[in-house]
Every structure is written in structure tokens, then in C-alpha cells.
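Coordinate inspection notes
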Amino acid sequence: MPSPRRLPTLAPLLLTLVGAPVLAQDVDPATLYEVTTEGTSTQVKAGGQGTFVLAIKSKPGAHVSDEAPLKLELTGKQLTPAQKTLTREQSVAKKAAGQQFVDPRFEVPFTAVSAGKGTLDATLTFFICTEKICARQKKTFSLPVEVQ
């Protein structure tokens, strides 16, 4: 059993160890990035092609993990994406020399089947990280596309 004198010196260490996970959890991982679909085609002619664009923009101090899995799944109503499942390797954003992390960006062609209102549905799964946390994120999108 520790001597009563040692307990006061251990108390701050124990409080630090117990309190550390709570402090790390205070950051909402969803505030560390933005996902945008800016640049996605919103009008396409029947039988024509458009492009679905999705980009993850991490905020300062955060990055998208390049070690954990990243997956983008696409489906369409009246629209057929050229690829249904994408991974980090299909990102059009590549690391520049000396760059530690790069924010993924996807550009996927799709074909419009017939006139009317179509939709592209996307499910994105990735990990956003800081020096203290690495959290799995899952986002879904449904984008309308007018097929003329």
C-alpha cells in the first residue's frame, strides 16, 4: 500500500490521466472539416454526361487520414455513375512535394438515362484526425439533377 505521503504527489497524475480522455472528446469531429459538392452538374441532356464532384476540406489542425479506409459509394435514379464505389486512390487530388496530407477530391462522370428529375445519392465514409483524435465520419448526400 502506498504511503500517505505519496498519495498527494500521485493525485495530479491520476487526475490528468482520468481527465485526458474527456478533454479529447470535447472536440466535435464534424467541426474539423467541410464536405462540398460544388461543381456537380445540375442539368444534363437525356443520354448526355455530367460530373459528380465531392471534396473534403479539412480545417487548420485537422486532416483526412491517409492510413484509415476512405470509401465513396454512388447510386443514381435516372442517372448512372461511371463508378459505384471509390477509394482514396481514385481521388483526383494528389500530394505535392513536401505536402504531408492532401484533402481528397472526387470527380465522377455519370450518364443521364432519360428526361425528368434524377438524383445522385452518395455515402462517404472517412476518418478525420488531429494530434489528439481520429474519428470515423459518415456523410450522406442526395443531389437533384434535371435531365432535359
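Residues numbered from 1 in each chain as written. Predicted model: local features only at pLDDT ≥ 70, side-chain atom pairs only at ≥ 80, totals over all residues. Heavy atoms only, no water.

Per an unreviewed UniProt entry, the protein chain carries the name Thiol:disulfide interchange protein DsbD N-terminal domain-containing protein and comes from Corallococcus caeni.

1. Digging into the pattern of salt bridges
Counted only if it meets this: Salt bridge, as used here, is a side-chain nitrogen of Lys or Arg placed within 4 Å of a carboxyl oxygen of Asp or Glu. Helix and strand labels come from DSSP, where a helix needs a run of H or I of at least four residues and a strand needs a run of E of at least two; each type is numbered from the N terminus. Partly exposed describes any residue whose relative accessible area lies between the buried limit of under 20% and the exposed limit of over 50%, with all areas from a 1.4 Å probe on protein chains only and scaled to the type maximum.
For the structure shown, the criterion picks out 5 salt bridges. Residues Lys 117 and Glu 146 are paired through a salt bridge, measuring 3.7 Å at the closest nitrogen-oxygen approach. Of this pair, Lys 117 sits in strand E9 (residues 116–129) while Glu 146 sits in strand E10 (residues 134–147), and the two are 29 residues apart along the sequence. Residue Lys 117 is classed as exposed on the basis of its relative accessible area of 64%. Classification of Glu 146 as partly exposed rests on a relative accessible area of 31%.

2. Some points on the side chain of Arg 88
Here is the rule: For the charge count, each Lys or Arg is scored as positive and each Asp or Glu as negative, with His and the chain ends excluded. N or O atoms within 3.5 Å of each other form a polar contact, as long as, within protein, one can give a hydrogen and the other can take it, and as long as residues adjacent in sequence are counted only when both atoms are side-chain atoms.
Mapped onto the secondary structure, Arg 88 falls in the loop between strand E7 (85–87) and strand E8 (105–112). Although buried, Arg 88 forms no salt bridge, and the nearest oppositely charged side chain, Glu 89, lies 5.3 Å from it. In this structure the side chain of Arg 88 is engaged in a polar contact, spanning 2.6 Å, whose partner is the backbone oxygen of Ser 65.

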